[in-house]
Amino acid sequence: MVIHFEVGSELLNKYRIEQPIGRGGFGAVYKAVDLLLKRPVAIKVLIHGQTTFDKHYGEGSFEEYLDRFRREAEISSYFTGNPNVITVYSLERDEDQNYYLVLEYLDGGSLNELIKSHGPLPLEQVCNITLDLCHALADIHNHPADIVHRDIKPNNVLLRSNGKAVLADFGVAQIGSESHRTVLKDQRHPGSPPYKSPEQRNSYDYLTPASDLYGLGLIVYEMLTAKMYAKQRILPPSQLNPAVPEWLDNLVIKLLQNEVDHRYRQAEEVSAEIKENIKSIEKNNGLPKAQHANQGKTGESGKPEQQGVIKSARNDDLTTKRGQALLPVQQSLESLLAQFELNRAGTDLDHQIQLGEQIFSLQHRKPEFISELAELYGKRCQLRVSRGENEQAISDISRALELASDQAVYYWLRSRLYSQKGDNERALQDIERSIRLDSEKLDYFFWRGRYYLNAGNYESAISNFDHVIKSDPQVAENYYWRAMCYYAWKDYHKAIADLGRALQRDPANPEYFYQRGLSYFARGSYFYNNEDLVASKNDFETAVRLVPDKVQYLYYLALVLIKTKSFDKALDTINYALELEPGRADLYYWRGYVYKIKNNPRAALTAFQVSADLGNTQAKTELANLQQSSRKKVSRP
């Protein structure tokens, strides 16, 4: 039985409950006040004899959760001097053998809550939080007790009111005195499935600090994109957030390598890389000069390769329709030009733009000055993209185009912003302008193909990808996107051929196997061709082997296993997918379908009921049929 404590009640005659904070697999967490020391605290409560089911760690007994309490108290006590590791004040017990873990209270919420409410975080904040976590992990990994956290995830990163990050919850940490893992009933490394490193998921071996650094990479990815890597598997993160600079892309990619030897080995290496790049950012940030802005490869990241992280600029209240302000006192053109030149290397973009607009208003229209002012708007556009301020970013890049309408890269950037906004028509208009200004840039044709695909104009989309492939036949991604056009056009034969070409050039890309599996599945289902269904199963199995925790891959693998009558394997696949994403109605529907085929009506009824409760209409029909069949059996004499 779970015991709830009322607001205002006292625990151990020392702590007064103020409010519930949340629940976990072990019990409840409360905010309280330490009546003796007059300070706020957080209290985790474990009720004696209580057992529960923890979807992340397996079924746990009271003794096992008590062990986690003790572990968290012990390990946290090693790092009381580190502001980036949570402080545990005490582990206490009452006369009924209930246990209370008393921790410092952090009023900034969790990183998970911040990402959900804000979306992708500003790049400066991402860097600061990552440095805080590196400081915590460096101490943890260098401690003589040989500690690996094993549950690095946004929910276990708490924030102070000043924004500093704090690593919490050492309940499943690995320590060197153990053979290789915390002993739990499922005998696997504990942790949250979407945030486990490959070796944590797939082996029983002793974990190294590199496992936690993989978790750090997952957190950085989520801060940059507001998406879980386990569900996306899209690298680099700039493909989802154009503001991410190349160096930060590379840092995340290295953290998320499947092979331990290919990752960073110590947190200090990660923090050193960030600090080094921050130094270079302060010297030279933003978009390249306008006259060079259209040089270099421009990938799905939505940014030129030369782009760097842009430090946050001050927001002034003196704004016009363009988001600029004229300086309150009119000054001579010479004085303004001198100030503009003096501030050229600074990071206060708002002030630089104010000066530039003031100079522009005084009819100073030299081409090099106008080009430089346009570049400033381009830089601030990138900054606003990093903050999630897309409307303001569009306003800035539009002003840049008013000043420098011959810059193809600005039209391209605005097209990407319109596309993200869902305005495909304007995105197409802008990419057409980019191509008219620079018909040599293959990326512009690539993106025009993407926009035509979004518009359902598959013939025009294919024509653009044909042009890109003819000019550069070695890029796997170009074949992939042409295959997407053929697939949407239901020309599965050509889709399969193009995905084969993509895999020749990138043979370990799980998305290519998955999409080819979909094409084989569609063709095999349409023509009742068992060979295609077997090929589909092989491709889905390869995709799952490469990315074991992507639910969409598991979902289609289960479908083709059902189609090929491998019902036991299909059921295992569905159950694992539901561990990762327990709220998917379609998975419960197919679980019910398999149980129905296996003549287990009770289990089928339960699965269909859950699916129906989650809104699946097919499940509601199946549920009604099963219930009617059950009533008929009961009514027979």
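Below is a summary of the structure that appears in this document.

Rules used throughout
- Residues numbered from 1 in each chain as written.
- Predicted model: local features only at pLDDT ≥ 70, side-chain atom pairs only at ≥ 80, totals over all residues.
- Heavy atoms only, no water.
- Axes fitted to C-alpha atoms, helices over the stretch in contact; angles between N-to-C directions.
- Helix = DSSP H or I, 4+ residues; strand = E, 2+ residues; numbered from the N terminus.
- Parallel < 35°, antiparallel > 145°, perpendicular 65-115°, else oblique.
- Left-handed = near helix turned anticlockwise from the far one by under 90°.
- Contact = heavy atoms within 4.5 Å.
- Nonpolar A, V, L, I, M, F, W, Y, C, P; charged D, E, K, R; others polar.
- Expected span 1.5 Å × (residues − 1).
- Buried < 20%, exposed > 50% of the residue type's maximum accessible area, 1.4 Å probe, protein only.
- Polar contact = N/O pair within 3.5 Å; in protein donor to acceptor, adjacent residues only side chain to side chain.

Here we come to the packing of helix α16 (residues 458-471) against helix α17 (residues 476-488). Taken N-terminus to C-terminus, the directions of α16 and α17 make an angle of 160°; their axes are 9 Å apart at the nearest point. In this view, α16 runs roughly antiparallel relative to α17, as classed from their interaxial angle. For the element pair α16 and α17, the recorded crossing hand is left-handed. Each of Tyr458, Ala461, Ile462, Phe465, Asp466, Val468 and Ile469 in α16 lies in contact with α17, whose residues at this interface are Asn478, Tyr479, Trp481, Arg482, Cys485, Tyr486 and Ala488. Along the lines of polarity and charge, the residues of the contact of α16 with α17 split into 11 nonpolar, 1 polar and 2 charged.

Taking 1.5 Å per residue, 14 residues should reach 20 Å; helix α14 (residues 424-437) reaches 20 Å between its end C-alpha atoms and fits that length. Those residues of α14 lying buried are Asn424, Ala427, Leu428, Asp430, Ile431, Ser434 and Ile435. Where α14 is buried, its residues meet α13 (408-421) and α15 (442-455).

Here we come to the side chain of Asn82. In this structure, Asn82 sits in the loop between α1 (62-77) and β7 (88-93). Side chain to side chain, Asn82 and Asp139 meet in a polar contact 2.9 Å long.

Here the focus is the packing of helix α3 (residues 123-142) against helix α5 (residues 209-225). The geometry of α3 relative to α5 is characterised by a closest axis approach of 10 Å and an angle of 165° between their N-to-C directions. In terms of axis orientation, α3 runs roughly antiparallel to α5. Every pair of crossing elements has a handedness; the one defined by α3 and α5 is right-handed. Each of Leu123, Val126, Ile129, Thr130, Leu133, Cys134, Leu137 and His141 in α3 lies in contact with α5, whose residues at this interface are Pro209, Asp212, Leu213, Leu216, Ile219, Val220, Met223 and Leu224. By residue class, the composition of the contact of α3 with α5 is 13 nonpolar, 2 polar and 1 charged.

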